[in-house]
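Residues per chain are reported as follows:
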Amino acid sequence: MDSKLSRSAPRSGRGQGAVVGWLDERFPLVQSLIILFIEFLTGFLIGVYYFPDGAGQPAPAFTSVDYIQHTVYLGWLVRGIHFWGASVLIVVALLHMTFVFWTGGYRAPRELNWMVGVVVFLLILAFSLTGSLLPWDLNSYFARGRELSILSGASVLPGGVSEFLKNLLQGGPIIGPATLLRFYIAHVFLLPAVIAGLMYVHFRLVRRQGPAEPS
């Protein structure tokens, strides 16, 4: 009986490892990095023509996005790659986190790297949130209003605290030019710098600790 169990357990572990390996070959973290690089490249190209000013009617931000979309050579393609690449990046990063969780990579001694990976994933979501306001059209304006209310803890935190957080995030009592400028700075300068540092730490820890075996 014991011998049968001892023979079946490794076979089960090998089968699980084969499944994880098959999936990881198709959705590895390296692909996330490639998509992240494409996002940086297309974002830079868009930034050459983008003007982060939300004042006036029509606002320069909206006008510049319209110019990129309809006038700049292949601007529609670059912007489309940037837009859809953000969604693909979220999916691939989530799949990678699922595989790491499945193989037990969140357990000691890799728990610190797991926490770094979670923060990186949250920053990717922050990229999507801040970038979606930059077109400065009606859809992005009203959608961000709802999301900022959620992030500020409306109807959960005390009214004064929620209002303070909301004003801090949007740069005032309403979504306006100050909000656009804050989101632009976060999207173009702050978040890329932070995520680059965390990705460096993440890969250093992966290289030091090695891959986790399926649990």
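From a predicted model like this one, the values you see are computed outputs, not experimental measurements.

1. Considerations on the overall build of the chain
Looking only at helices and strands, the chain features 8 helices and 0 strands. The N-to-C order of helical and strand elements in the chain reads α-α-α-α-α-α-α-α. Here the chain, with 215 residues, has 33% of them falling under the buried criterion. Here the chain displays about 13300 Å² of accessible surface, and carbon together with sulfur accounts for 71% of that area.

2. Overview of the environment of Asp53
Along the polypeptide, Asp53 turns up in the loop between α2 (29-49) and α3 (60-70). Take Asp53: its relative accessible area is 27%, and that puts it in the partly exposed class. For the pair Asp53 and Leu180, spaced 127 residues apart in sequence, the C-alpha to C-alpha distance is 7.2 Å. Those residues in contact with Asp53 that lie beyond four places of it in its chain are Ala59, Pro60, Ala61 and Leu180. Reaching out from Asp53, the side chain makes a polar contact with the backbone nitrogen of Ala55 at a distance of 3.0 Å.

3. Focus: the environment of Pro192
You can see Pro192 is positioned in helix α8 (residues 177-209). Note: C-alpha distance between Pro192 and Leu123 (69 residues apart in sequence) is 9.0 Å. Non-local contacts of Pro192, meaning those with residues more than four positions away in its chain, are made with Phe40, Phe127, Ala186 and His187.

4. A word on the packing of helix α5 (residues 111-131) against α8
Close contact between α5 and α8 brings their axes to 9 Å; oriented N to C, the two are set at 160°. Compared by their axis directions, α5 and α8 come out roughly antiparallel. Here α5 runs over α8; the crossing is left-handed. The class makeup of the residues in the contact of α5 with α8 is 20 nonpolar, 7 polar and no charged.

5. Let's talk about the pattern of salt bridges
Evaluated as defined, the whole model comprises 1 salt bridge. Salt-bridge contacts for Arg144 lead to Glu147; the nearest nitrogen and oxygen are separated by 2.6 Å. A residue pair is termed a helical-turn pair when its members lie 3 or 4 positions apart in one helix, as Arg144 and Glu147 do in helix α6 (residues 138-151) at 3 residues. A relative accessible area of 8% places Arg144 in the buried class.

6. Things to note about the packing of helix α4 (residues 75-102) against α5
The N-to-C vectors of α4 and α5 enclose an angle of 165°; their axes lie 10 Å apart at closest approach. When the axes of α4 and α5 are compared, the pair comes out roughly antiparallel. Helix-helix and strand crossings are classified by hand; for α4 and α5 the assignment is left-handed. Where α4 approaches α5, its residues Leu89, Ile90, Ala93, Leu94, Met97, Val100 and Phe101 are matched on the opposing element by Trp114, Gly117, Val118, Phe121, Ile124, Leu125 and Ser128.

7. Examining the nonpolar core
Formed by 16 residues in total, the largest nonpolar core has its most connected members in Tyr50, Ala61, Leu134, Trp136, Leu180 and Phe183. Elements with a contribution of two residues or more to this core: α3 and α8. Non-local contacts of Trp136, meaning those with residues more than four positions away in its chain, are made with Gly54, Ala59, Ala61, Phe62, Tyr141, Ile175, Gly176, Pro177 and Leu180.

Quick notes on the rules
- Residues numbered from 1 in each chain as written.
- Predicted model: local features only at pLDDT ≥ 70, side-chain atom pairs only at ≥ 80, totals over all residues.
- Heavy atoms only, no water.
- Helix = DSSP H or I, 4+ residues; strand = E, 2+ residues; numbered from the N terminus.
- Buried < 20%, exposed > 50% of the residue type's maximum accessible area, 1.4 Å probe, protein only.
- Areas by Shrake-Rupley, 256 points an atom, 1.4 Å probe, with all protein chains shown as cover.
- Contact = heavy atoms within 4.5 Å.
- Polar contact = N/O pair within 3.5 Å; in protein donor to acceptor, adjacent residues only side chain to side chain.
- Axes fitted to C-alpha atoms, helices over the stretch in contact; angles between N-to-C directions.
- Parallel < 35°, antiparallel > 145°, perpendicular 65-115°, else oblique.
- Left-handed = near helix turned anticlockwise from the far one by under 90°.
- Nonpolar A, V, L, I, M, F, W, Y, C, P; charged D, E, K, R; others polar.
- Salt bridge = Lys/Arg side-chain N within 4 Å of Asp/Glu carboxyl O.
- Core = buried A, V, L, I, M, F, W, Y, C linked by side-chain atoms within 4.5 Å.

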